[in-house]
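Analysis of the macromolecular model
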Amino acid sequence: MDKIEKYLAYNGKVSLICANTTELIEEIRKIHDLTPTTTAAMGRFATICGIMGLTSIKENDDSITVQLKGDGPVGSIVGIVKRENNISKIKTYMQNPLVELPLKSNGKIDVGGAVGHAGYLNIIKQSAITDSEYNGLVPLVSGEIAEDFTEYFATSEQKPTVLALGVLVNKDGTQSAGGYMINLMPDATENEITKIEEALKSAPSISELLSENKTLEEIAKIVTGDENIELLEDNLEIKFDCDCSKEKFEKGLISIGKDDLTKIIEEDGRAEIVCQFCNKKYNFNKEELEDLLKKI
Ligand code: ZN
């Protein structure tokens, strides 16, 4: 079962969030019919988007839009994250979900090759209350996703972060997926930082830890090197949640304008719109389209 837990280590001087997102990633794999390569890329991406919903969004109804655009074959990957109390709600899509690349020489999935090594990561934070927008754009480091987000946290948010993301996938689907994010408080000492660095050096990868069925608490201890971690929150969730509706797509059809809508009515007599986030289909018959035309 998926689980997300927040911990404090070193007497509150280090915070950490650990996530097992295996079920979520399997759900997204099925929605978008992802290949092993794109499951790995999307799994890493969706996991960090979901985590950000629980760490970067403070108010319900605020949202974060994440655009990862590399020069690789998968094209754009987009995630939209909202928060409802203890739940991070995400929806994601990828331009070319059917891309499949050969494994790298070390036997790992070539996520960097699929995403591309050049491009950018753009993160837009929208506040519902103040109606303000904050935009952080960084160039891609490697396209491997964890490194790219780490760069974003360091340069755009001035928040030194350790981030690990991992997905184990085979032709039967997602075997395990998850990640962790470690943040140091300003009062963390050199000694504590060194201890964490050493713990990380000897820690297995997050994919290995999850596939060995380690609990999040065990993972938190292993990656911080602190046996006395303190559980802060264990009722957190990351859910796939698309808020699309026929009304939203009606607005979309109205916005294409009188000429184009008339053309659709005359040429096709109907319209089928597929939500790119959840693949749900919405059908509009001729009468419905003519009603929309009257509203323009
Ligand atoms: Zn949808």
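So, here is what we can say about the structure in this document. (Residues numbered from 1 in each chain as written. Predicted model: local features only at pLDDT ≥ 70, side-chain atom pairs only at ≥ 80, totals over all residues. Heavy atoms only, no water.)

Turning our eyes to something else, we now look at helix α5 (residues 190–202). In an α-helix, one turn spans 3.6 residues, which is why side chains three or four residues apart end up on the same side. Given a rise of 1.5 Å per residue, 13 residues ought to cover 18 Å, and the 19 Å separating the end C-alpha atoms of α5 matches this to within 8%. Buried residues along α5 sit in contact with β2 (14–20), β9 (173–184) and α7 (216–224). (Helix = DSSP H or I, 4+ residues; strand = E, 2+ residues; numbered from the N terminus. Expected span 1.5 Å × (residues − 1). Contact = heavy atoms within 4.5 Å.)

Right, let's talk about the layout of surface pockets for a bit. A water-sized probe, rolled over the atoms, reveals where empty space remains. Empty space within the largest pocket amounts to approximately 670 Å³. What lines the largest pocket is a set of 28 residues, among which R44, K108, L165, S205 and S207 lie closest to the centre. Of all elements in the fold, only α2 (36–55), α4 (146–155), β8 (161–170) and α6 (206–211) reach the threshold of two or more residues within the lining of the largest pocket. A total of eight residues in the lining of the largest pocket trace back to one element, the largest contributor, which is β8. Partitioned by chemical class, the residues of the lining of the largest pocket number 16 nonpolar, six polar and six charged. (1 Å grid on protein atoms, 1.4 Å probe; cavity = no way out; pocket = protein on both sides within 12 Å on 5 of 7 lines; lining within 4 Å. Points joined across faces, edges and corners; volume = space filled by probe spheres on them. Nonpolar A, V, L, I, M, F, W, Y, C, P; charged D, E, K, R; others polar.)

On to the packing of helix α9 (residues 258–267) against helix α10 (residues 286–295), then. Relative orientation of the contacting elements α9 and α10 amounts to 165 degrees, with a least axis distance of 10 Å. In terms of orientation, α9 lies roughly antiparallel with respect to α10. Our pair here, α9 against α10, has a crossing hand that is left-handed. Residues K258, L261, T262, I264 and I265 of α9 form the contact with α10, whose own contacting residues are K286, L289, E290, L292 and L293. (Axes fitted to C-alpha atoms, helices over the stretch in contact; angles between N-to-C directions. Parallel < 35°, antiparallel > 145°, perpendicular 65-115°, else oblique. Left-handed = near helix turned anticlockwise from the far one by under 90°.)

On the basis of which strands lie adjacent, the open sheet formed by ten strands has the order β7-β6-β3-β4-β5-β10-β1-β2-β9-β8 and mixed pairing. Strands with a single pairing partner mark the edges of an open sheet, and in this sheet they are β7 (133–139) and β8. Strand-to-strand, the axes of this sheet are offset by a mean angle of 15 degrees, without reference to chain direction. Taken together, the four bridges between strand β5 (residues 87–94) and strand β10 (residues 230–240) define a ladder with parallel strand orientation. Residue pairing across strands places I90 opposite F240, the latter belonging to β10. (Pairing = 2+ DSSP bridges.)

Note that strand β3 (residues 63–70) and strand β4 (residues 76–84) share seven bridges and pair antiparallel. In the strand pairing of β4, L68 is matched with I77. Linking β3 to β4, which pair antiparallel, is a turn of five residues; within it G75 sits at a positive phi near 70 degrees. Between the antiparallel neighbours β4 and β5 lie two residues, among them N85 with a positive phi of about 55 degrees.

Time to look at the coordination of the zinc ion. Here the zinc ion is held by C242 (SG), C244 (SG), C275 (SG) and C278 (SG), and the distances to it run 2.2 to 2.3 Å. Around the zinc ion, the four donor atoms are arranged such that angles at the metal cover 102 to 116 degrees; this shape is classified as tetrahedral. In primary-sequence terms, the residues that donate to the zinc ion follow C-x1-C-x30-C-x2-C. With C242 in the loop between β10 and α8 (246–255) and C275 in the loop between β11 (271–274) and β12 (281–284), this pair connects stretches of sequence that are 33 residues apart. Assessed through its relative accessible area of 22%, C242 is described here as partly exposed. (Donors = N, O, S within 2.8 Å, 3.2 Å for Na, K, Ca; no water. Tetrahedral: all angles 85-135°; square planar, octahedral: opposite > 155°, others 65-115°. Buried < 20%, exposed > 50% of the residue type's maximum accessible area, 1.4 Å probe, protein only.)

Under the defined criterion, the tally for this structure stands at 16 salt bridges. K6 is paired through a salt bridge with E233; the nearest N and O atoms lie 3.7 Å apart. Taken together, the residues span a long stretch of sequence, with K6 in strand β1 (residues 3–9) and E233 in strand β10 at a distance of 227 residues. A relative accessible area of 27% means that E233 is categorised as partly exposed. A salt bridge links E157 to K159; the shortest N-O distance between them is 3.6 Å. Using a relative accessible area of 26% as the deciding quantity, one classes K159 as partly exposed. When salt bridges that share partners are traced, they join K82, K91, D243 and K248 into one network. (Salt bridge = Lys/Arg side-chain N within 4 Å of Asp/Glu carboxyl O.)

None of this, on its own, says anything about what the molecule does.
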